[in-house]
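# Survey of secondary and tertiary structure
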Amino acid sequence: MSEAPVGLNSTVSATHRDAAPPRPLWQVIFVRPETLTFVLLVLAIFAGGQLSPYFLDIRYILDSFTLTAELSLLALILTLVIIAGEIDLSPASAMALSACLFAYAMSFDWPMWICVSIGIGSGLIMGAINSALIIGLQLPSIIVTIGTLTLYRGLAQVIAGDKSIRVPEWYIGIDKVQVLGLPAPDLIFILAAIALAFLLGMTVWGRQIYQTGTNETAAIYAGIRTRRIKAVLFLATGVTASIAGMIFISRLGSVRYDLGLGGELQMVLMAMLGGTYIFGGRGTILGTFLAALLLSVISTGMTTANLLPATQLCVLGVLLVLSIIATNFIYSRTQR
Amino acid sequence: MGQLGSQQTLIEARGISKSFAGVEVLRDVDLHLYRGEIHALLGENGAGKSTFAKILAGVHRPTRGSIALNGDVVEIQNPLAAQRLGITLIHQEPLSFPDLSVAENLVLGRLAGSPWSKVPWKEIEEEAAQLMTLLGVDIDVKRPMRGLSIADQQMVEIARALASDSRLIIMDEPTAPLTPKEVETLFSIARRLRDEGRTIIFISHRLEEVRALCDRVTIFRDGNKVATDTISNLTDADIIRLMIGRSLREYLKKQDAQIGDVALEVKGLTKAGYFKDISFAIRRGEIVGLGGLVGAGRTDVARALFGIAPADKGEILIKGTAVAISDPAVAIDHRVAFVPEDRAIAGIFRTLSVEQNITAAVPEKISNAGIINFSTEHEIATDSIQKLSIRLASMRQPIGELSGGNQQKSILARWLLTDPEILILDEPTRGIDIGVKAEFYDMIGELAASGRAILLISSELPELLALCDRVLVMSEGRITADIPRAEATQESIMHAAVPRSAEVRAS
């Protein structure tokens, strides 16, 4: 072999067809979906500031974020599922069913650990059902989770009927609890984001999630147990849904079967707005984190501006479509 | 043109060349096809015969060159245009609409009338039945395509060609999935079509079929047409020589390696529908070639050894111990590595960095308690890149930005990091520039010299001859030869690789 070995940083004139030149650094940093999300977030805060001076107060933003903290928490774990090349549309329903079971157990004055076990256990079982169908039977996750979305919501209604299930007074008000100067749900969300960002960015396991989503066949050939990774992700989504349900109940004081109805739309929207690629393999927790904040600011802003709920829904729909277009565009530029 | 003896030219192809992504796969091919002849196209895998046929059928468009039909130059833009010109390509496994009836498949794309007019079911069925009678086959035209045997599906394709009054019918390896009786039926129909004055192009690997059916034969090699002649003027030996007649490259020379103990032994490995009763052994330091035609089951054996699609029956012994390899992770634990044939599908993570691609199979080497040590990863990848002289702009660029050869080196680097004792290489030099190929040959030699057992699957005979200590040849799912280096020639390998229909089927 006569050629001089070429490593990193060597000033090789990458001759004709060996490799494309690297992208300039500014592009690597700025032409990425997270940057876009961040810019939108700043713009949204300023636009909100025009509507009401409260928007420029960080406290106001933090307090209003508690309204979407549960769904944001679920969006974080959903981000991992989407990066792995799958989708889970059932967590909002799973959250409702688990929360109903949890509240129901509490209404019997059972010991707290039993109630929590029932709540978490139900989430685990729902996650297990999803993974058995998707990984065990090799069915497409979009269809399976549309099915279980309906099923879990239906079961919640069967169990709870149309009535609200109240929880004891002492359990109510997690959003009023301040820890380190933050409302507790916000803190849980931030800690979860840090933990998942670490998992995704710094561990072998996170690396393998990206590899699975990028090219599952190649991942299998490289000895990566992709089925196990996906199964764990669906289970984790189920458990996260039950935790989100417990936070939700504490905030609302009671639960009905329609808890978080349509929440899957917002979760997917957060992941997409944050630059997660719907076909897997790309996305970051930071992106979803920023998108969750952005969405909270937009929703609060729209409410402040007295937009009708129906109009707000339209805005969300438009945002979802635009975010997919933007993400695809950016990725198509960087993928050769 | 036109008259040539008593023969009338139907198609005159001039200077046909075709490149895919800058790689020339067909070079200046001139060919005359006469009316009323059956013309065989022969050649090794990738010699260009199928590409040429697909150009005639409008599937590909030539990069250069012209095609004249009955003396008029024509542009064959797409398969539909070919159909209108009376050229039909019959696929080995016909593409059809499995849930529509035979009759509906026959008239597909030919139904006239406005979108709202009533479908003339009765006429369609009558016409279809007539065609079937014409062909002399007994197929109920009201049945759905699904459930028809492949032979019957081919008949429907042929019937479709007749329905559109095709003048040129191209059959691309039609006999591979057929039984001998079905082959006979196909041949008698082909002869009848010829006698009606139609032209048939017949692509096959089976020499005796070509001999039994065809009038003239054209042989391709490395994208060139090397000969066209009447079949009776050529012996089998002539044909094989013309097919492979490359000169051996001088630099291809196996290094001497110490041959040691048996590293991998396979006994009676069988997977229904893929391969049967595969037994062989590879020693440390030995390079064993696995030759054969595409579809002979070579890759399937490799996939079974690596646990991707395990075999149903048989034993795999690694260093004398029987092991159950149920998935690739187990294979890696047993220090088996597999560089797959199709890089894009089973090798690279296109959008991820070169670095991540290289370290994908050795997570334990780059991490501590599951947490990645980025500087260790960086060192390991840098080291691999230097050892294999992978040429790139930055280790952090997506691997998709590298050339094919450098992508392939990165995948090889990935597997070398697992420090394999048994290395399976499936067509490792396909789609790679000549210069990089030579580097690969050197590397494979060095790997064997360092005491690894290597199974090299290749369709390039010179590669097998130059590198291997022994060459196993597979044909139709079985090992048909085990040829030591001293006796291995292109002829002996090809002889074992080309299916001998009668023999194989009798067993």
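Residues numbered from 1 in each chain as written. Chains lettered and ligands numbered in written order. Predicted model: local features only at pLDDT ≥ 70, side-chain atom pairs only at ≥ 80, totals over all residues. Heavy atoms only, no water.

## Quick notes on the overall build of chain A
Scanning chain A from N- to C-terminus turns up 14 helices and 4 strands. A compact globule built from 336 residues should have a C-alpha radius of gyration of about 20 Å, and chain A, at 22 Å, falls within 12% of that. By the burial criterion, 52% of the 336 residues in chain A qualify as buried. Look at the contacts in chain A between residues 6 or more apart in sequence, and 78% of them connect residues 24 or more apart. On chain A, roughly 15,200 Å² of surface is accessible, and the fraction owed to carbon and sulfur atoms is 71%. Of the charged side chains in chain A, 18 are positive and 16 negative; the average position of the first set lies 8 Å away from that of the second. (Helix = DSSP H or I, 4+ residues; strand = E, 2+ residues; numbered from the N terminus. Rg over C-alpha atoms; globule rule 2.2 N^0.38 Å. Buried < 20%, exposed > 50% of the residue type's maximum accessible area, 1.4 Å probe, protein only. Contact = heavy atoms within 4.5 Å. Areas by Shrake-Rupley, 256 points an atom, 1.4 Å probe, with all protein chains shown as cover. Lys, Arg positive; Asp, Glu negative; His and termini not counted. Charge placed at Lys NZ, Arg CZ, Asp CG, Glu CD.)

## A word on the sheet that holds strand 14 (residues 287-292) of chain B
All names here are of chain B. The mixed open sheet is built from 6 strands, whose spatial order is 17-20-21-14-22-23. Edge positions in the sheet fall to strand 17 (336-339) and strand 23 (478-484), since each of these pairs with one other strand and no more. Neighbouring strand axes in the sheet, compared pairwise and without regard to direction, differ in orientation by 20° on average. With 6 bridges connecting them, strand 22 (residues 470-475) and strand 23 associate as antiparallel partners. For leucine 472, the partnering residue across the bridge sits in strand 23 and is aspartate 482. (Pairing = 2+ DSSP bridges. Axes fitted to C-alpha atoms, helices over the stretch in contact; angles between N-to-C directions.)

## A short note on the interface of chain A and chain B
Facing 37 residues of chain A, the contacting portion of chain B comprises 54 residues. Between chain A and chain B lies a buried interface of about 3,800 Å² when both sides are counted; carbon and sulfur atoms form 59% of it. Counting the contacts that link chain A with chain B gives 2 salt bridges. We note a salt bridge from Asp327(B) to Arg225(A), for which the minimum N-O separation is 3.4 Å. Where chain A meets chain B, there are 10 residue pairs in polar contact (both at pLDDT 80 or more). (Buried area = accessible area lost by both parts, 1.4 Å probe. Salt bridge = Lys/Arg side-chain N within 4 Å of Asp/Glu carboxyl O. Polar contact = N/O pair within 3.5 Å; in protein donor to acceptor, adjacent residues only side chain to side chain.)

## Structural notes on the packing of helix 8 (residues 184-202) of chain A against helix 13 (residues 285-304) of chain A
Residue and element names in this part refer to chain A. The contact between helix 8 and helix 13 brings their axes to 9 Å, and the two run at 160°. Here helix 13 runs roughly antiparallel to helix 8, going by the angle between their axes. Mapping the contact onto sequence places Phe189, Ile190, Ala193, Leu196, Ala197 and Leu200 in helix 8 and Ile285, Phe289 and Ala292 in helix 13. A class-by-class count of the residues in the contact of helix 8 with helix 13 yields 9 nonpolar, no polar and no charged. (Parallel < 35°, antiparallel > 145°, perpendicular 65-115°, else oblique. Nonpolar A, V, L, I, M, F, W, Y, C, P; charged D, E, K, R; others polar.)

## Focus: the nonpolar core
Judged by nonpolar contacts, the single largest core of 134 residues is most densely connected at Val102(B), Met132(B), Ile158(B), Leu264(B), Phe280(B) and Leu305(B). In contact with Val102(B), other than residues within four places in its own chain, are Met132(B), Ile139(B), Asp140(B), Val141(B), Arg143(B), Met145(B), Leu148(B) and Val156(B). Core analysis: the second largest hydrophobic core is formed by 91 residues, Leu89(A), Phe102(A), Tyr171(A) and Phe189(A) among them. (Core = buried A, V, L, I, M, F, W, Y, C linked by side-chain atoms within 4.5 Å.)

## A short note on the sheet that holds strand 13 (residues 275-283) of chain B
Residue and element names in this part refer to chain B. Spatial ordering of the open sheet is given by 13-12-15-16, a layout of 4 strands whose pairing is antiparallel. Each of the sheet's edge strands pairs with one partner strand only, and the pair in question is strand 13 and strand 16 (321-323). The mean angle between the axes of side-by-side strands here comes to 20°, regardless of whether they run parallel or antiparallel. Pairing of strand 12 (residues 262-271) with strand 13, which is carried by 6 bridges, proceeds in the antiparallel orientation. Residue valine 266 lies in a different strand from strand 13, and its bridge partner there is phenylalanine 280. Against the sheet, helix 9 (residues 298-305) makes contact with strand 12, strand 13 and strand 15 (313-318), and its axis sits at roughly 65° relative to strand 13, the strand it touches most.

## Things to note about empty space enclosed by the protein
Residues and elements named next belong to chain B. Taken as a whole, this structure holds 5 cavities of 30 Å³ or more when the rule is applied. Looking at the largest cavity, its volume works out to about 70 Å³. If you go around the largest cavity, you meet 11 residues; those closest to its centre are Glu44, Gly292, Leu293, Ser459 and Met494. Mapped by element, the contributors of at least two residues to the lining of the largest cavity are strand 14 and helix 17 (490-497). Tallying contributions element by element places helix 17 first for the lining of the largest cavity, with 3 residues. (1 Å grid on protein atoms, 1.4 Å probe; cavity = no way out; pocket = protein on both sides within 12 Å on 5 of 7 lines; lining within 4 Å. Points joined across faces, edges and corners; volume = space filled by probe spheres on them.)

## As for the state of the cysteines
One way to say it: the disulfide is the covalent bond shared by the sulfur atoms of two cysteines. All names here are of chain A. For the structure shown, the criterion picks out 0 disulfides over all chains. No disulfide involves cysteine 100; its nearest neighbouring cysteine sulfur is the one of cysteine 115, lying 14 Å away. With relative accessibility at 0%, the residue cysteine 100 sits in the buried group. (Disulfide = S-S within 2.5 Å.)

## Description of the packing of aromatic side chains
Evaluated as defined, the whole model comprises 12 aromatic pairs over all chains. Measuring from centroid to centroid gives 5.1 Å for Phe108(A) and Trp110(A), while their planes differ by 25°, and the two rings are stacked. For Phe108(A), a relative accessible area of 47% translates into the label partly exposed. Taken together, a centroid distance of 5.8 Å and an interplanar angle of 80° make the contact between Phe187(B) and Phe202(B) edge-to-face. Taken together, the residues span a long stretch of sequence, with Phe187(B) in helix 6 (residues 180-195) and Phe202(B) in strand 9 (residues 199-203) at a distance of 15 residues. When sorted by exposure, Phe187(B) lands in the same class as Phe202(B), which is buried. Three or more aromatic residues joined by ring pairs form one cluster here, namely Tyr221(A), Phe306(B), Phe338(B) and Trp415(B). (Phe/Tyr/Trp six-rings, centres within 6.5 Å; stacked < 30°, edge-to-face > 60°.)

## Thoughts on helix 9 of chain B
All names here are of chain B. The complete set of buried residues in helix 9 reads Arg298, Val301, Ala302, Ala304 and Leu305. Buried residues of helix 9 fall within an arc of 160° about the axis and therefore sit on the same side. Positioned one or two residues after helix 9, glycine 307 has a phi angle of 85°, which is positive. (Arc of directions from axis to C-beta.)

## A few points about the confidence of the model for chain B
All names here are of chain B. In the predicted model, chain B carries a mean pLDDT of 84, and the fraction of residues at 70 or more is 90%. Here residues 247-251 scores under 50 on pLDDT; set against residues more than four positions off or in separate chains, the count is 5 contacts. Confidence drops under pLDDT 50 across residues 502-507; counting only partners more than four residues distant or on other chains, this segment forms 6 contacts. (pLDDT = per-residue confidence, 0-100.)

## Description of the pattern of salt bridges
Opposite charge on two side chains allows them to pair when their charged atoms are near. Overall, the coordinates contain 24 salt bridges over all chains when judged by the stated rule. Asp258(A) is the partner of Arg256(A) in a salt bridge, and the nearest nitrogen-oxygen pair spans 2.9 Å. Relative accessible area serves as the criterion here: at 26%, Asp258(A) is assigned to the partly exposed category. Connected via shared salt-bridge partners are Lys319(B), Arg335(B), Asp419(B), Glu421(B) and Arg452(B).

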